[in-house]
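Below are the chains, spelled out letter by letter.
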Amino acid sequence: GSDVEDDTPENPHENWLDPLEVRVYAEGIDDITPRGEGTWPDEKLDSMLYTFLGTAKSVNVAPARLTTQRSRVTVFKMLQRTWNVPSIEQCTIIKERIAAVESLPRQVAIRALNPQPGERILDMCHEKDGMTVHAAILMYDIGVLDSVCRSRKIATELNQLRRSSKIKCIKALKMDALEVDLHLEQESYDRVIIFPPCSEIGSRPRLVNHEDIHTSQALVDFTLLQRSFLSVASKMVKPGGKLLYCTSTVNPLENEMNVKWVLENKRLRMELIPLERPPEAAAGMSGLRGFLGEKECERVLRFEPGCEGDVLNTSTAFFIALFEKQGNRKAEDPK
């Protein structure tokens with residue numbers, strides 16, 4: 001996190017349209033960082049090392065909603081930087097779609113799914129390239145990776161990536177993810193990925209107002225929608241196949257409670273698979289009435305901004321659960 005030296009009034013949004021120039025500092029940078037004019041004296045900061053990053057100016061953005069409450073957040077745009085490091089999004093290999101950016105939790109999720117060459121994979125909620133490309137790489141571009149896109153624009157972008165990267169196994173499918181069981185063969189996929197819409201509580205602060213996205217009813221609606229995705233996904237994976245469920249929220253209704261719903265819904269025939277836990281991740285949330293038991297919580301992964309033990313986690317919120325479908329393939333209906 002960065003610390004800002006300013007004279008902000010008690011209510012930072014009282015005059016949020018008035019521009020405010022500040023000096024920006026960051027803590028925790030080691031002694032290889034140049035220290036000179038612009039670095040606060042150590043004794044003033046209780047022996048913590050703060051390094052001058054540059055100057056910034058407030059921008060005219062309405063008060064944003066952060067997590068579950070209206071936050072008093074002032075948004076700043078950097079004017080001058082000590083180090084002129086370009087955004088990774090501006091790098092040529094990213095702009096020309098030769099490579100894709102992927103966060104640590106998403107990498108962990110695809111590694112947990114462990115797609116293999118020659119398999120049939122279904123990505124039911126394709127939004128960004130990273131997880132899809134990662135899965136294709138692990139498959140050595142051998143097999144089938146059907147990616148369901150909710151819009152023609154997303155499908156076109158994925159096809160452009162496929163051509164530029166020369167990945168052959170990816171196929172973009174423009175259709176409603178909740179109707180894939182009506183258009184594609186059921187129980188025909190070795191592994192299924194679902195990353196459905198969620199409340200995104202714990203993601204980076206938004207610069208627009210979302211008045212209704214974090215109400216109690218909205219959170220319930222997200223949970224019910226995700227269960228629809230889980231129900232359809234369970235029809236697509238073959239017995240012995242794996243189902244990967246991910247969200248980018250800390251809300252237990254959308255995470256642990258959905259896992260519990262899957263396990264208790266016997267018609268889905270799903271068993272929870274234990275995952276190897278990296279140091280940046282925590283176990284699931286337990287100890288609350290009606291939640292998952294401790295054994296099941298140890299089998300899922302939860303990423304949250306902050307510290308997990310002695311490890312600083314700078315990622316946004318992310319939740320991972322992996323299921324395996326039990327039983328035998330359903331017999332086809334007689335014609």
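Above this note sits the structure.
Residues numbered from 1 in each chain as written. Predicted model: local features only at pLDDT ≥ 70, side-chain atom pairs only at ≥ 80, totals over all residues. Heavy atoms only, no water.

**Student:** Would you explain the environment of Leu20 in this entry?
**Tutor:** Secondary-structure assignment places Leu20 in the loop between β1 (2-5) and β2 (21-27). For the pair Leu20 and Ser58, spaced 38 residues apart in sequence, the C-alpha to C-alpha distance is 5.1 Å. (Helix = DSSP H or I, 4+ residues; strand = E, 2+ residues; numbered from the N terminus.)

**Student:** Would you explain the layout of surface pockets in this entry?
**Tutor:** Any empty space left between the atoms is revealed when a probe the size of a water molecule rolls over them. Roughly 1400 Å³ of internal volume is contained in the largest pocket. Taken together, 47 residues make up the lining of the largest pocket; nearest its centre are Arg106, Glu127, Lys128, Asp129 and Phe195. Listed by contribution, the elements that provide at least two residues to the lining of the largest pocket are α1 (92-95), α2 (104-113), β7 (120-126), α3 (129-138), β8 (144-149), α4 (152-165) and α6 (216-236). Here the residues of the lining of the largest pocket sort into 25 nonpolar, 8 polar and 14 charged. (1 Å grid on protein atoms, 1.4 Å probe; cavity = no way out; pocket = protein on both sides within 12 Å on 5 of 7 lines; lining within 4 Å. Points joined across faces, edges and corners; volume = space filled by probe spheres on them. Nonpolar A, V, L, I, M, F, W, Y, C, P; charged D, E, K, R; others polar.)

**Student:** I would appreciate a short explanation of unusual backbone geometry in the present structure.
**Tutor:** Leaving glycine aside, a negative phi is the common case for residues, and trans is the common case for peptide bonds. Of note in the backbone geometry, Asn114 takes a positive phi value of approximately 55° without being a glycine. Mapped onto the elements, Asn114 comes out in the loop between α2 and β7. Residue Glu200 is not a glycine yet carries a positive backbone phi of 60°. By the element assignment, Glu200 lies in the loop between β10 (189-194) and α6. Relative accessible area serves as the criterion here: at 33%, Glu200 is assigned to the partly exposed category. (Buried < 20%, exposed > 50% of the residue type's maximum accessible area, 1.4 Å probe, protein only.)

**Student:** Whenever I open this one, the packing of α2 against α3 confuses me. Can you help?
**Tutor:** Relative orientation of the contacting elements α2 and α3 amounts to 40°, with a least axis distance of 10 Å. Crossing geometry of α2 relative to α3 is assigned as right-handed. Between α2, through Arg106, Gln107, Ala109, Ile110 and Arg111, and α3, the contact on the second element is made entirely by Met131, His134, Ala135 and Leu138. Here the contact of α2 with α3 is built from residues that sort into 5 nonpolar, 2 polar and 2 charged. (Axes fitted to C-alpha atoms, helices over the stretch in contact; angles between N-to-C directions. Left-handed = near helix turned anticlockwise from the far one by under 90°. Contact = heavy atoms within 4.5 Å.)

**Student:** How should the packing of aromatic side chains be read in this particular structure?
**Tutor:** Aromatic ring pairs: the centre-centre distance and the angle between the two ring planes describe each pair. Inspection of every chain in the model, using the stated rule, returns 1 aromatic pair. Centroid distance Phe195 to Phe318: 5.4 Å. Interplanar angle 80°. Geometry classified as edge-to-face. With a gap of 123 residues between them, Phe195 in the loop between β10 and α6 and Phe318 in strand β16 (residues 318-325) connect regions that are remote in the sequence. We note that Phe195, like Phe318, is buried. (Phe/Tyr/Trp six-rings, centres within 6.5 Å; stacked < 30°, edge-to-face > 60°.)

**Student:** How do you make sense of the nonpolar core when you look at a structure like this?
**Tutor:** Generally speaking, a soluble globular protein has its nonpolar side chains buried in company with each other. Ranked by internal contacts, the top residues of the largest apolar core, which has 33 residues, are Met131, Leu145, Leu244, Cys246 and Ile320. Broken down by secondary-structure element, the contributors of at least two residues to this core are α2, α3, β8, α4, β9 (170-174), β11 (237-247), β13 (301-303) and β16. Here the element with the most residues in this core is α3; it accounts for 5 residues. Leave out the neighbours within four places in its chain, and Met131 touches Glu102, Arg106, Ala109, Ile110, Ile193, Phe195, Leu244 and Cys246. (Core = buried A, V, L, I, M, F, W, Y, C linked by side-chain atoms within 4.5 Å.)

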